[in-house]
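Coordinate analysis (summary)
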Amino acid sequence: MEEWSEILFKVLERKELAPTEYEILVEAPRIAKKAQPGQFVILRIDEQGERIPLTVVDTDKEAGWVRLIFQVIGKSTAQLATVMAGEALMDIVGPLGKATDIENYGTVLLVGGGVGIAALFPIVKGLKEAGNHVITILGAKNKDLLILQEECAKYSDELILMTDDGSVGQKGLVTQAMEDVFKREEISMAWAIGPSIMMKFCTITAQKYDVSIYVSLNPIMIDGTGMCGGCRVTVADSIKFACVDGPEFLGEEVDWDEFVNRMQQYRPEELTANERYEKQVSSNG
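Looking up the protein chain in an unreviewed UniProt entry gives the name Sulfide/dihydroorotate dehydrogenase-like FAD/NAD-binding protein, with the organism given as Candidatus Enterococcus murrayae.

Set out below in structure tokens:
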């Protein structure tokens, strides 16, 4: 890692935002200059590392860093959480994917759940800077897992917090808050980013009120350039690749049953890899 740190992709800062959720600032000046809201990068920790796609949460074009937030859910993200400030990642490619179509729509509704809030934040910021009236709903299991509240509040005209246990904000689901907003506001456009099942039901809720809603799909991804086909999704009865055609799509056009099933396709292998990694860590430490 020392020889990489002398070249590129040094981790400048590392912070634990919540249990199992981390933030890193990575030196990547070329990506920082080009990245737009909605785009992502793919990184590798080392030569044996899995390719990990992560949304670009924020950038500093002058300082040359990109901000990434991730949740530890398996072997590769657990390993990424051990990379400290001053160390370096082997490589990062990006920005990838199509950027969010940022314009002044009027009054917009943005819904984020769990670590999906990290991907939602740059869109919140971009839409507010474009002159929209921004209403943001953030949801999590409890207050400890609710991230980026203050930053989203800065770029929102109204911020609504929802938790499963009521430990902060209102007790309930983000779809309940969506219903309340739709009943009192005329929403021009909506976005929802979070777990697959959340985005599916956010779509159903928006459809009840004839509001178009964009979702950000995060299927299995390898090369990020449309070559491997691993990230294929069915949208409007056509095969699309989330890495180049997305990651944002209109929720009403997504085949949600297929998408949710495909997200579980390699679950046994993921569990096995994580178990091996945990045993390796235990034996070494």
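Read on, since the account is not over.
All told, the structure shown has nine salt bridges when counted by the stated rule. Ionic pairing is found between Lys-128 and Asp-157, a salt bridge with its closest N-O pair at 2.9 Å. Here the residue Lys-128 occupies a position in helix H4 (residues 116-129), and Asp-157 occupies one in the loop between helix H5 (149-154) and strand E9 (158-163), the gap between them amounting to 29 residues. Across the pair Arg-184 and Glu-158 runs a salt bridge, and its minimum N-O distance is 2.6 Å. Placement of Arg-184 in helix H6 (residues 174-184) and of Glu-158 in strand E9 is noted, with a sequence separation of 26 residues between them. Classification of Glu-158 by relative accessible area gives partly exposed; the value is 25%. Look at the salt bridges and you will find they share partners, linking Glu-23, Arg-67 and Glu-151 into a network.

A grouping of Ile-197, Phe-201 and Ile-204 is seen on the molecular surface, where their side chains present a nonpolar patch of about 260 Å² in accessible area. Checked against the element boundaries, Ile-197 lands in helix H7 (residues 196-208). Residue classification places Ile-197 among the partly exposed residues on the basis of a relative accessible area of 47%.

Let us now look at the packing of H6 against H7. When two helices pack together, you describe them by how their axes are tilted relative to each other and by the distance separating the axes. The N-to-C vectors of H6 and H7 enclose an angle of 20 degrees; their axes lie 10 Å apart at closest approach. What the angle tells us is that H6 and H7 run roughly parallel. The handedness of the crossing between H6 and H7 is right-handed. Across from Val-174, Thr-175, Met-178, Glu-179 and Phe-182 in H6, the residues of H7 making contact are Met-198, Phe-201, Cys-202, Thr-205, Ala-206 and Lys-208. Each residue belonging to the contact of H6 with H7 can be placed in one class, and the counts come to seven nonpolar, two polar and two charged.

Moving on to the environment of Lys-34. Tracing the sequence through the fold places Lys-34 in helix H2 (residues 29-34). In the structure, Lys-34 is positioned 27 residues away from Lys-61 in sequence and 8.4 Å away in space, judged by C-alpha atoms.

A complete count under the given rule lists six aromatic pairs for this structure. Between the aromatic rings of Tyr-22 and Phe-70, the centroid separation amounts to 5.8 Å while the plane-to-plane angle is 20 degrees, which identifies the pairing as stacked. Taken together, the residues span a long stretch of sequence, with Tyr-22 in strand E2 (residues 21-27) and Phe-70 in strand E5 (residues 65-71) at a distance of 48 residues. Exposure class is identical for Tyr-22 and Phe-70. Each is buried. Ring geometry for Tyr-105 and Trp-191: centres 5.7 Å apart, planes at 65 degrees, overall edge-to-face. On the criterion of sequence distance, the pair formed by Tyr-105 in the loop between strand E6 (91-96) and strand E7 (107-113) and Trp-191 in strand E11 (residues 189-193) is long-range, its members being 86 residues apart.

Here is what the cut-offs are and how they apply
Residues numbered from 1 in each chain as written. Predicted model: local features only at pLDDT ≥ 70, side-chain atom pairs only at ≥ 80, totals over all residues. Heavy atoms only, no water. Salt bridge = Lys/Arg side-chain N within 4 Å of Asp/Glu carboxyl O. Helix = DSSP H or I, 4+ residues; strand = E, 2+ residues; numbered from the N terminus. Buried < 20%, exposed > 50% of the residue type's maximum accessible area, 1.4 Å probe, protein only. Patch = residues over 30% accessible without salt bridge, like charges linked within 9 Å, V, L, I, M, F, W, Y side chains within 5 Å. Areas by Shrake-Rupley, 256 points an atom, 1.4 Å probe, with all protein chains shown as cover. Axes fitted to C-alpha atoms, helices over the stretch in contact; angles between N-to-C directions. Parallel < 35°, antiparallel > 145°, perpendicular 65-115°, else oblique. Left-handed = near helix turned anticlockwise from the far one by under 90°. Contact = heavy atoms within 4.5 Å. Nonpolar A, V, L, I, M, F, W, Y, C, P; charged D, E, K, R; others polar. Phe/Tyr/Trp six-rings, centres within 6.5 Å; stacked < 30°, edge-to-face > 60°.

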